[in-house]
Amino acid sequence: MAFNSFTFVFFFAIVLGLHQLPLPWKAKKLNLIVASYLFYAAWNPPFVLLLFLSSVVDFFLARWLDRTQRPAYRRAILCASLTLSLGMLAFFKYAGLLLLTFTQLMALAGVHYRAVAPDLILPLGISFYTFETVSYLVDVYRRKIQAWPSFIDYTLFLAFFPHLVAGPIVRPADFLPQCERERRASGAEIQWGLVLMLVGLFEKVILADNIMAPVADSVYYRALLAGSRDAWLGTIAFSGQVFFDFAGYSMCGIGAAMCFGFALADNFHFPYAAVGFSDFWRRWHISLSTWLRDYLYIPLGGNRRGEARTYANLMVTMLLGGLWHGASWRFVAWGGLHGCYLTGERTLKSRWGNMNWLGRWPVQCFLAMLTWLLVCITWVFFRATDFASAIHMIRVMVYRHPMNRIVSRGDAAAVLAVTAVLLLGQWFLRDTTLEHATSRLPRWVIGCALCFMLLALCLAHGEDRAFIYFQF
Amino acid sequence: MLSSISNFEPATTAPVPKRRPAPSLTSACEVDRGLPRHARSAGPADRVPREMGRAWIIALIGTLAILAALEFNCRRHGLRPMVHDDQQLWGLARDSMHRDDPDQIALVGTSRGHNDLDPKVFSHEMGGAPVAQLAIEGATGLLVLDELSRDEHFRGLLVFDLVPWGVFGDMTHQDATERTFVESHLHVSWVTPIETRIRIALQLAFAFGQMSLRDFVQDRFTHRPPNWSQPYIIEPDRSAGVHWSLATPDQLKWPQHYAIASTPGVPPTLRQENLQALESMIERIQARGGRVVLVSLPSTGIVGEVEHARWPRDRFWDVLAAQTKAVTFNWMDDPRLSKFNCPDGSHLDMRDQAEFTRLVVEDLREKLRTRQLNP
């Protein structure tokens, strides 16, 4: 069930109505668990069992881990748990890629081996909830948190529908304590939660699906025929689409959770106003980048083992981060490019990072634009259907290459106008929050903005598109 | 220039309280000293800017008032509520097909089959057999034919209206819309029919749903008067038709432009591989007791002339008809059908649809009976 569906509107109204009833807190939590499982079962009911199995296994392993004192036993339990969680993820997500790569390597060696492709359906959200169970087990192992005593709370943590399918990746230390006392949103919280949901839907349905996606699709479907103009337009459109799509989903999730009295951490903070790539990763998919930092980069040694090792750790983290996004070497290339950017930035910063003139606003503005342009180039690997298309697109983006027009002038104007508003808006809001910016506006202005978004949603036509991050 | 990238400190000029962004990937040392790990919040209350009740009231009253005015205006100009012909509606028609029913009829193909054949009349003339209208506007129908040929539960009659450029042209160029329709049906969830029914109910309740936000905005920018005509009709069972008397000149001329624009200099040659691909799909259906009829529907005026010049019948259609194991029917074979005119060159008017369908079914019944007697 997607947030941008009528079914979800009815589902949400019923679940919220039940949550507002004067019932015991335990009954309300059970209501949320049943609703979350129903939400998940809307795609593929059998995978509910997988989610439940993951909850049961990791809950009891964590309790066992917590009780055990001998380090060797603790390590063994952690390894068993990680093998199970990551093994399940690897089986469903990467079996096809591994087999294909193996077949290609054999072909390179002159052996013609044709494997039967595994006919597996990727369980929705498995990448997200696997990372949540891993963070829980690792935190318990590190004695940062204790194993949570309530199975109901743990099941809700893993399955809570606002973050289940496409994040934000929630940390146990953030969520589980919220399950202790009754959460019932105040009127103001529900109102603000609904505002966030409306803004998220507007971003997804109008900006991503109606304006950006048609242009990105038309170019990338015929990537090998695209000239410089269309390659840039298609890539800029996709950079907007992926942001509006994913940030819109996260905002809907945060808003929906708020309506039930739960707080989820922000997942985006005006990323296209980032100055530099480390700043970009502080603002883009925050829950993933902090997860990778805490559970991969730091355990690898972070930046404490010399420069060379720091660069290697950065590259490994970004390459694996890329692979997390999808079972394709294109995502690895995307992560690798970001890894190169980060290492390059680190090198340059160590030499020239302290110069005062770098802090002046025109320079900052220029650097933000440069960062955005270089980020756009990485999106080519993310969106292209194969390496040949990606390389062609980058080539024509770098070298002028006139060809027949794919994108009409009107569509091009719409994409550029929305992108300009996006970049300017993010630049002016980069050091504040949406909450703070909204609190400075008169109510009638907010009311008119909400009215505009509601009307646009009512009048929008177009193809229904799944949220991009559902595929991960 | 590149050296400046390394400066990633946030600007410090904003006069408002700042929220600390999460520490970056490269700031592991900071993290290890115990600074906040990521943006955390104890509860939602600290994230609510202020009470939004009044803003919501303004928004809801404004939205309802504008939508009511819009609805009134749409109805005043003669627009009536109608369903949208999208992948969900197509999926509903596809799902409505009876499994393993030899009487089930599927109409597959292009906009011609969609607008020229009336599924209700077709069903009536075939003795009440269930008919699913699966033809798609702007598509060739080949992906749908392929999908049905792979569905072991389809054992009925498939009527495939083919256009020459679809079957004799470049078959590797498959329509994106058709692919979306077929793929969305293959990956349908149990919630989809519920969602589609809610949508249909809403689409049939409000006429403003016929207005497109994109067209509305474009009209404002180009100072073009709004187009209130509604020539294309679509029913919840995907029956479709065109009232050509309501169409704009652009709508009437579009197929002619398309036909002329898609006529490059080099004349096409018949590709045997296309016929083989088509035949393999037909054979899959016939192997489990199903029947396939290949139908050529009318094109007249400039479109007809261009089509007949580019894809002459004796070099394309007749070769296909001689080779295929499917029953074939060309509208030119029945003189009674020559009286029908396509106002845009490619599609009949709605008022001719019922009679045209009746005559076509009569011919098809005869052809199928002959095939049964002489297999």
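### Details of the side chain of B:Gln203
Along the chain, the position of B:Gln203 falls in helix α9 (residues 192–203). With residues near it in sequence (within four places) discarded, B:Gln203 still touches B:Pro81, B:Met82, B:Val83 and B:His84.

### Description of the environment of B:Arg284
Residues and elements named next belong to chain B. Tracing the backbone shows Arg284 in helix α12 (residues 272–287). For the pair Arg284 and Arg150, spaced 134 residues apart in the sequence, the C-alpha separation amounts to 7.3 Å. Apart from the residues lying within four places of it in its own chain, the contact partners of Arg284 are Asp146, Ser149 and Arg150. Engagement of the side chain of Arg284 in a polar contact is seen with the side chain of Ser149, the distance being 3.1 Å.

### Quick look at the packing of helix α9 (residues 187–221) of chain A against helix α10 (residues 228–259) of chain A
All names here are of chain A. The interhelical angle for the contact between α9 and α10, taken along N-to-C directions, is 160°, at an axis separation of 7 Å. Viewed along their axes, α9 and α10 adopt a mutual orientation that is roughly antiparallel. Crossing of α9 over α10 shows left-handed handedness. Its residues placed into classes, the contact of α9 with α10 shows 28 nonpolar, eight polar and six charged.

### Let's talk about helix α13 (residues 307–325) of chain A
Residue and element names in this part refer to chain A. For α13, built from 19 residues, the straight-helix expectation of 27 Å at 1.5 Å per residue is met to within 8% by its first-to-last C-alpha distance of 27 Å. For α13, the full list of buried residues reads Thr310, Asn313, Leu314, Thr317, Met318, Gly321, Gly322, Trp324 and His325. Along α13, the residues classed as buried sweep out an arc of 165° about the axis, all on the same side. Buried residues in α13 make contact with α4 (71–108), α5 (126–141), α11 (277–283), α12 (286–297), α14 (329–352) and α15 (361–383).

### Looking at unusual backbone geometry
Although it is not a glycine, A:Arg143 sits at a positive phi angle of roughly 60°. Turning to its location among the elements, A:Arg143 is positioned in the loop between α5 and α6 (151–159). Even without being a glycine, B:Asp100 presents a positive backbone phi close to 60°. Within the secondary structure layout, B:Asp100 lies in the loop between α3 (87–95) and β1 (105–108).

### Concerning the domain arrangement of chain A
Residues and elements named next belong to chain A. Domain boundaries assigned for chain A yield domain 1 (6–184) and domain 2 (189–471). Distance from the C-alpha centre of domain 1 to the C-alpha centre of domain 2: 26 Å. Taken residue by residue, the interface counts 41 residues in domain 1 and 37 residues in domain 2. When domain 1 packs against domain 2, the two sides together hide about 3200 Å² of surface, and 70% of this comes from carbon and sulfur. Interface area lost by domain 1 to domain 2 is led by Phe131, Pro168 and Arg171, which between them contribute 18%. The tally of links from domain 1 across to domain 2 stands at one salt bridge. Across the pair Arg171 and Asp294 runs a salt bridge, and its minimum N-O distance is 3.1 Å. Its residues placed into classes, the side of domain 1 that touches domain 2 shows 27 nonpolar, eight polar and six charged.

### Examining the nonpolar core
Grouped together as the largest cluster of nonpolar side chains are 166 residues, with contacts concentrated most on A:Tyr136, A:Phe262 and A:Tyr272. Taken domain by domain, this core gets at least three of its residues from each of domain 1 (6–184) and domain 2 (189–471) of chain A. Formed by 34 residues, the second largest nonpolar core is a distinct cluster that contains B:Ala93, B:Ala132, B:Ile136 and B:Leu148.

### A closer look at the sheet that holds β1(B)
Residue and element names in this part refer to chain B. Judged by pairing direction, the sheet is parallel, and its five strands sit side by side in the order β2-β1-β3-β6-β7 without closing on themselves. Among the strands making up the open sheet, the edge pair consists of β2 (131–133) and β7 (327–330). This sheet shows a mean twist of 20° between the axes of neighbouring strands, independent of strand direction. Direction of pairing for β1 relative to strand β3 (residues 157–161): parallel, over a ladder of four bridges. When the sheet's bridge partners are listed, Leu107 is paired in β3 with Val159. The strands touched by α12 are β3 and β6 (291–296); relative to β6, the strand with the most contacts, the crossing angle is about 140°.

### Describing the packing of aromatic side chains
Residue and element names in this part refer to chain A. On inspection of all chains with the given rule, the structure shows 60 aromatic pairs over all chains. An angle of 80° between the planes, with centres 5.1 Å apart, marks the rings of Phe128 and Trp324 as edge-to-face. On the criterion of sequence distance, the pair formed by Phe128 in helix α5 and Trp324 in helix α13 is long-range, its members being 196 residues apart. Classification of Trp324 by relative accessible area gives buried; the value is 3%.

### Section: helix α17 (residues 409–429) of chain A
Residues and elements named next belong to chain A. With 21 residues, α17 should cover 30 Å at 1.5 Å per step; its first-to-last C-alpha distance of 30 Å lies within 8% of that length. Where α17 is concerned, the buried positions are Ala412, Val415, Val418, Thr419, Leu422, Leu423, Gln426 and Trp427. Along the axis of α17, the buried positions cluster into a sector of 165°, meaning they face one direction only. Residues of α17 that are exposed and angled more than 90 degrees away from the buried face: Arg409, Val421 and Phe428. Where α17 is buried, its residues contact α9, α10 and α15.

### Here's the deal with the pairing of β3(B)
All names here are of chain B. By the criterion of burial, β3 is predominantly enclosed, with five of the five residues buried. Alignment of β3 against β6, held across five bridges, turns out to be parallel. Of the residues in β6, the one forming a bridge with Val159 is Val293.

### Some points on the pattern of salt bridges
Residue and element names in this part refer to chain A. This model, assessed by the stated rule, comprises 33 salt bridges over all chains. Across the salt bridge formed by Glu182 and Lys28, the nearest N and O atoms sit 2.7 Å from each other. Here Glu182, found in the loop between α8 (172–175) and α9, pairs with Lys28, found in helix α2 (residues 25–41); they are 154 residues apart in sequence, far enough to count as distant. Residue Lys28 is classed as buried on the basis of its relative accessible area, which comes to 1%. One salt-bridge network, held together by shared partners, links Asp279, Arg282, Arg283, Arg430 and Asp431.

Criteria and cut-off values
- Residues numbered from 1 in each chain as written.
- Chains lettered and ligands numbered in written order.
- Predicted model: local features only at pLDDT ≥ 70, side-chain atom pairs only at ≥ 80, totals over all residues.
- Heavy atoms only, no water.
- Helix = DSSP H or I, 4+ residues; strand = E, 2+ residues; numbered from the N terminus.
- Contact = heavy atoms within 4.5 Å.
- Polar contact = N/O pair within 3.5 Å; in protein donor to acceptor, adjacent residues only side chain to side chain.
- Axes fitted to C-alpha atoms, helices over the stretch in contact; angles between N-to-C directions.
- Parallel < 35°, antiparallel > 145°, perpendicular 65-115°, else oblique.
- Left-handed = near helix turned anticlockwise from the far one by under 90°.
- Nonpolar A, V, L, I, M, F, W, Y, C, P; charged D, E, K, R; others polar.
- Expected span 1.5 Å × (residues − 1).
- Buried < 20%, exposed > 50% of the residue type's maximum accessible area, 1.4 Å probe, protein only.
- Arc of directions from axis to C-beta.
- Domains from an automatic or database assignment.
- Buried area = accessible area lost by both parts, 1.4 Å probe.
- Salt bridge = Lys/Arg side-chain N within 4 Å of Asp/Glu carboxyl O.
- Core = buried A, V, L, I, M, F, W, Y, C linked by side-chain atoms within 4.5 Å.
- Pairing = 2+ DSSP bridges.
- Phe/Tyr/Trp six-rings, centres within 6.5 Å; stacked < 30°, edge-to-face > 60°.

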